[in-house]
Amino acid sequence: MSKPPTDYRRIGYAVLSFTIGVWAFVKVNSISGPAFEPILAACGNSDIAIENFAKETGYHSYVPELGLGAFKILVCLITQFLLELRETHPAGLIVWGGVIVVALPLNLMMTATAGRKGASGPVIYPTVIGLLCQLLGISVIFPMIYNPSYYYSGSRLGVPVTNVRILFGVLLSLPASMLTYFVFAAPTGGRIWEVSAGILGGPILAMMGLPLWLDRSSTLEATRENVTRSNDLIQKSYNILGAVSFIFYACLMAVVYQTYGFAFNEVWRDIWTEAGPSVAFMTIDTGVLFVGVLLFIAYHSEWKAMEALLMTPLLGPGAACSMVLKELENESSLALMLSEGKKVA
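The structure presented is a predicted model; accordingly, all values stated were derived computationally and were not measured.

**Quick look at the state of the cysteines**
In a disulfide, the sulfur atoms of two cysteines are covalently bonded to one another.
Working step 1: As enumerated under the stated definition, the model contains 1 disulfide in all.
Working step 2: With no disulfide partner, Cys-251 has as its closest neighbouring cysteine sulfur the one in Cys-321, 19 Å distant.
Working step 3: Cys-321 takes part in no disulfide bond, and the closest cysteine sulfur, belonging to Cys-133, lies 16 Å away.

In C-alpha cells, the structure reads:
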C-alpha cells in the first residue's frame, strides 16, 4: 500500500521532479537549438509555397494540414527531425523507440488520473499536457509540470473511473507505436511516411482524447462495485500495455545486439557522445522520461520504484513500470474498499 503523502513529501518530490524537468529543458535546447534554428526559419518562411518547400529549402516536404493551422511549423520541424532519426540507423530507431517504450503505460495512467473524483489542477487536462509535450518535449513537461501538479492534485490511485475512460487510455497509447513503424519502415519519399511523421509531430494524437470531456468518471462514487470493476479493467489494461511494451523493447534489443553485439561503449557513442542533435535530444527524452515515471511511482512507494528499476533490464522500462503501476492501483483499490467498508460499518 502506498504511503499517505505529507506536505514535506509533496514539496520534496515536486522540487526534485521540477528541477529535473528544467535541466532537461536547458540541455535539449543547448543541443538542438543551433541545429533547429535554420529549420525553423525555413518552416516559418511564408514566402515559400508548400509545393516548392523541398526544392527551395533542401528540407523534406511535409503535410501542413496535419498541424491544424496553429501547429504547421511544428509539423514541418518534426518531419525534418524524424527524417534525421530515420537516416541515423540504428541509433535513431533505438532512441525514438526508447521513448515509445517508456511512454506506453503513461496514457492509461494520465487518462485515468484526469477523470478521478477529487482531482484538480493541470492533471485533469491531459490534452493540454499532450500539446505541451509536443511543443517542448515529454522529457520536459512530464517531470516539470505533470508530476508536481499530480502531487498537489488530490487525485488518488484506486478511485474508480468509467470503462470508456480506461479503454480510451489503452487505445490512445497504441497509435504512436504503429506510426513509429511506418516512420522507420516506409520509404521516406512516399505519402505514408510524410503523413506518419506529421501525425507524430503534430497535435492530432494529443487531441484524440477530447471526447472524454463528455465522460462522467468524476461523478462516480467509490462503491465496492465501481472500485472492483474499474480496478479489474485497469489491471487487464496494464497487462496489455506491458506486453506491447515488452515486445517493442525486445525488438529494440534485437536491433542493438545485431548491430553492436555487447559493445555497449559503441552504443553510447552513437546515441550520445558522437550523436547528432536529433539523436542526442531523444536520448535525453528517453532517460529523463524514465526518471520522471520512477519519481511518479516513488511518490507512492520508493520500494515499488526500486522494483521497477530492477526489472527494467529484463522486461524493459515500459513493461516494468506497467507491472508496478498495476500493483499500486490494485493495492490502492483494496485499501479504498476497506476504508469505505469501515465507514459503512
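Now that the structure is up, let's keep going.
**Focus on the packing of aromatic side chains**
Working step 1: Under the definition given, this model contains 16 aromatic pairs.
Working step 2: On the basis of an interplanar angle of 50 degrees and a centroid distance of 4.6 Å, the ring pair of Tyr-150 and Phe-296 is categorised as tilted. Of this pair, Tyr-150 sits in helix α7 (residues 138–151) while Phe-296 sits in helix α14 (residues 277–300), and the two are 146 residues apart along the sequence. The exposure classification of Tyr-150 matches that of Phe-296, with both residues buried.
Working step 3: Connected via pairs of aromatic rings, a cluster forms that spans Tyr-13, Tyr-150, Tyr-151, Phe-296 and Tyr-299.

**Things to note about the environment of Leu-309**
Working step 1: Summarising the element assignment, Leu-309 is placed in helix α15 (residues 302–315).
Working step 2: Counting along the chain gives 18 residues from Leu-309 to Val-291, while the straight-line C-alpha distance between them is 9.6 Å.

**Observations concerning the side chain of Ser-32**
Working step 1: Turning to its location among the elements, Ser-32 is positioned in helix α1 (residues 7–43).
Working step 2: On the basis of relative accessible area, Ser-32 is assigned to the buried category, the value being 4%.
Working step 3: What Ser-32 contacts, discounting residues up to four positions off in sequence, is Pro-277 and Phe-281.

Cut-offs applied
Residues numbered from 1 in each chain as written. Predicted model: local features only at pLDDT ≥ 70, side-chain atom pairs only at ≥ 80, totals over all residues. Heavy atoms only, no water. Disulfide = S-S within 2.5 Å. Phe/Tyr/Trp six-rings, centres within 6.5 Å; stacked < 30°, edge-to-face > 60°. Helix = DSSP H or I, 4+ residues; strand = E, 2+ residues; numbered from the N terminus. Buried < 20%, exposed > 50% of the residue type's maximum accessible area, 1.4 Å probe, protein only. Contact = heavy atoms within 4.5 Å.

Just geometry here; none of it tells us what the structure is for.
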